[in-house]
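Observations on the model geometry
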Amino acid sequence: AEPSTIILHVNLLDSTNLGQQKALGILGVNLIFAAFHYKDDPDMLIDSLFDNLTWGRIELDYIEISGPGFEGFDNRKAMLRLVQSSLTPIVMFGKDGNGILPQDVLYNKDPLILRGIFRPFTNIHKDMIKHGLEGFSAEQKRPPEEIAFFCEINIAKYVATGGDDISDLLTRVEMLTQQGYNVIISSYFRYFRISDYFSRDKSKKTGFVLSVENIYQIFNESYYEGFEGGILAAMGALFANKTKLFVYPNLLDDGSLTTVANINIKEELKYLFLHISKNRGILPIQCSPDIIVPV
């Protein structure tokens, strides 16, 4: 038959060249074995690539398989499997619905991210994106075409427990890419982990578009249970590389808006919130009041 092709993109995380060479050699042997023995079982093919590799040595964030030896292989499902199997914390899909390399979409651009479940994608999401892009562009003094916007779907709970239903995950990816957005699927539960990921390139500044409810979550100490250093260490990590949070207001039943200016942060964390806000880490979104739905 005509030859088949498997393309992988690998981040080598060992601190020494020798360690990286050994890890890549193990991955290569696993790849040859998997291609011959698991070509009819895509999930097993992907999972077996990390046999005899300890966690933290390699990240595999892109896979593309083609050719007569792998007829019917769905590369989009394979990309999702990389996160589900903890082979990488993040995969990305481009506006055409196919997997993309982070470096390709982020070249000379700063990332802006809207986290959500997107069941479904609503007019509020669209308004948040519009005004978030405007705010981030102005704050960074960069034109919109130099900002890479992503809708991000978090599956951390599924990866940890297998308990969350993500059977419609590919459908949501398709829905968002058809709307013209890049999509991230991640296993990062907390915001600062995503900021850390993008801060590997120190030249990039990360922005998030989020709601007032998300701010309450970020400033909730229980959100950081089990994390050494707690909320202070998490805040240091989140804003270490001048990350920006653009906050979309909530409309209350009485017609009033909850914004960055009047949000009710707990007394013991109020001055931490004010410190970050005064240093332009947390910024309000000026939005269209007629679109906001009461909460």
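What comes next concerns the included structure. (Residues numbered from 1 in each chain as written. Predicted model: local features only at pLDDT ≥ 70, side-chain atom pairs only at ≥ 80, totals over all residues. Heavy atoms only, no water.)

1. Examining the packing of aromatic side chains
For any pair of aromatic rings, geometry is given as the distance between the ring centres together with the angle between the planes. One pass over the structure, following the stated rule, counts 14 aromatic pairs. With a centroid separation of 5.9 Å and 65 degrees between ring planes, the pair formed by Phe33 and Tyr38 is classed as edge-to-face. Residues Phe136 and Phe246 carry aromatic rings whose centres are separated by 5.8 Å and whose planes lie at 80 degrees to one another, so their mutual orientation is edge-to-face. Of this pair, Phe136 sits in helix α5 (residues 123-140) while Phe246 sits in strand β9 (residues 244-248), and the two are 110 residues apart along the sequence. (Phe/Tyr/Trp six-rings, centres within 6.5 Å; stacked < 30°, edge-to-face > 60°. Helix = DSSP H or I, 4+ residues; strand = E, 2+ residues; numbered from the N terminus.)

2. Quick look at the pairing of strand β6 (residues 147-154)
Burial analysis of β6 places seven of its eight residues in the buried class, which makes it a mostly covered element. Bridge count between strand β5 (residues 110-115) and β6: six bridges; the pairing is parallel. Of the residues in β6, the one forming a bridge with Pro111 is Ala148. For the crossover that starts at β5, traverses α5 and ends in the parallel β6, the hand is right-handed. Taken together, the five bridges between β6 and strand β7 (residues 182-186) define a ladder with parallel strand orientation. What sits directly across from Cys151, in β7, is Val183. (Buried < 20%, exposed > 50% of the residue type's maximum accessible area, 1.4 Å probe, protein only. Pairing = 2+ DSSP bridges. Right-handed = clockwise from strand over helix to strand, strands pointing away.)

3. Focus: helix α11 (residues 270-278)
Burial in α11 covers these residues: Leu272, Phe273, Ile276 and Ser277. Across the axial projection of α11, the buried residues extend over an arc of 130 degrees, all falling on one side. Residues of α11 that are exposed and point over 90 degrees away from its buried face: Tyr271 and Lys278. After α11 finishes, the residue Arg280 shows a positive phi value of roughly 65 degrees. (Arc of directions from axis to C-beta.)

4. Quick notes on the packing of helix α8 (residues 191-198) against helix α10 (residues 230-238)
Contact geometry for α8 and α10: axes closest at 8 Å, N-to-C directions at 35 degrees. In the packing of α8 onto α10, the handedness of the crossing is left-handed. Taking contact as the criterion, the partners of Tyr191, Phe192, Ser195 and Asp196 in α8 are, on α10, Ala234, Ala237 and Leu238. Of the residues assigned to the contact of α8 with α10, the class counts are five nonpolar, one polar and one charged. (Axes fitted to C-alpha atoms, helices over the stretch in contact; angles between N-to-C directions. Left-handed = near helix turned anticlockwise from the far one by under 90°. Contact = heavy atoms within 4.5 Å. Nonpolar A, V, L, I, M, F, W, Y, C, P; charged D, E, K, R; others polar.)

5. Considering the pattern of salt bridges
Counting across every chain of the model gives 19 salt bridges. For Glu174, the salt bridge is made with Arg76, and the minimal N-O distance between the two is 2.4 Å. Of this pair, Glu174 sits in helix α7 (residues 169-178) while Arg76 sits in helix α3 (residues 75-84); the two residues are 98 residues apart in sequence, bridging distant segments of the chain. Shared partners join several salt bridges into a network, and the residues in it are Asp43, Asp47 and Arg81. (Salt bridge = Lys/Arg side-chain N within 4 Å of Asp/Glu carboxyl O.)

6. Focus: α5
Helical periodicity: at 3.6 residues per turn, an α-helix aligns residues three or four positions apart in one direction. Taking 1.5 Å of rise per residue, 18 residues should cover 26 Å, and α5 covers 26 Å from first to last C-alpha, within 8% of that figure. All buried positions along α5 are accounted for by His125, Asp127, Met128, Ile129, His131, Gly132, Phe136, Ser137, Glu139 and Gln140. Elements in contact with the buried residues of α5: β5, β6, β8 (207-211), β9 and β12 (282-284). (Expected span 1.5 Å × (residues − 1).)

7. Some details on the packing of α3 against α7
At a minimum axis separation of 11 Å, α3 and α7 run at an interaxial angle of 115 degrees. Relative to α7, the element α3 is oriented roughly perpendicular. The interaxial crossing formed by α3 with α7 has right-handed handedness. Contacts from Arg76, Lys77 and Leu80 of α3 reach α7 at Leu169, Leu170 and Glu174. By residue class, the composition of the contact of α3 with α7 is three nonpolar, no polar and three charged. (Parallel < 35°, antiparallel > 145°, perpendicular 65-115°, else oblique.)

So yeah, pure geometry; function would need other evidence.
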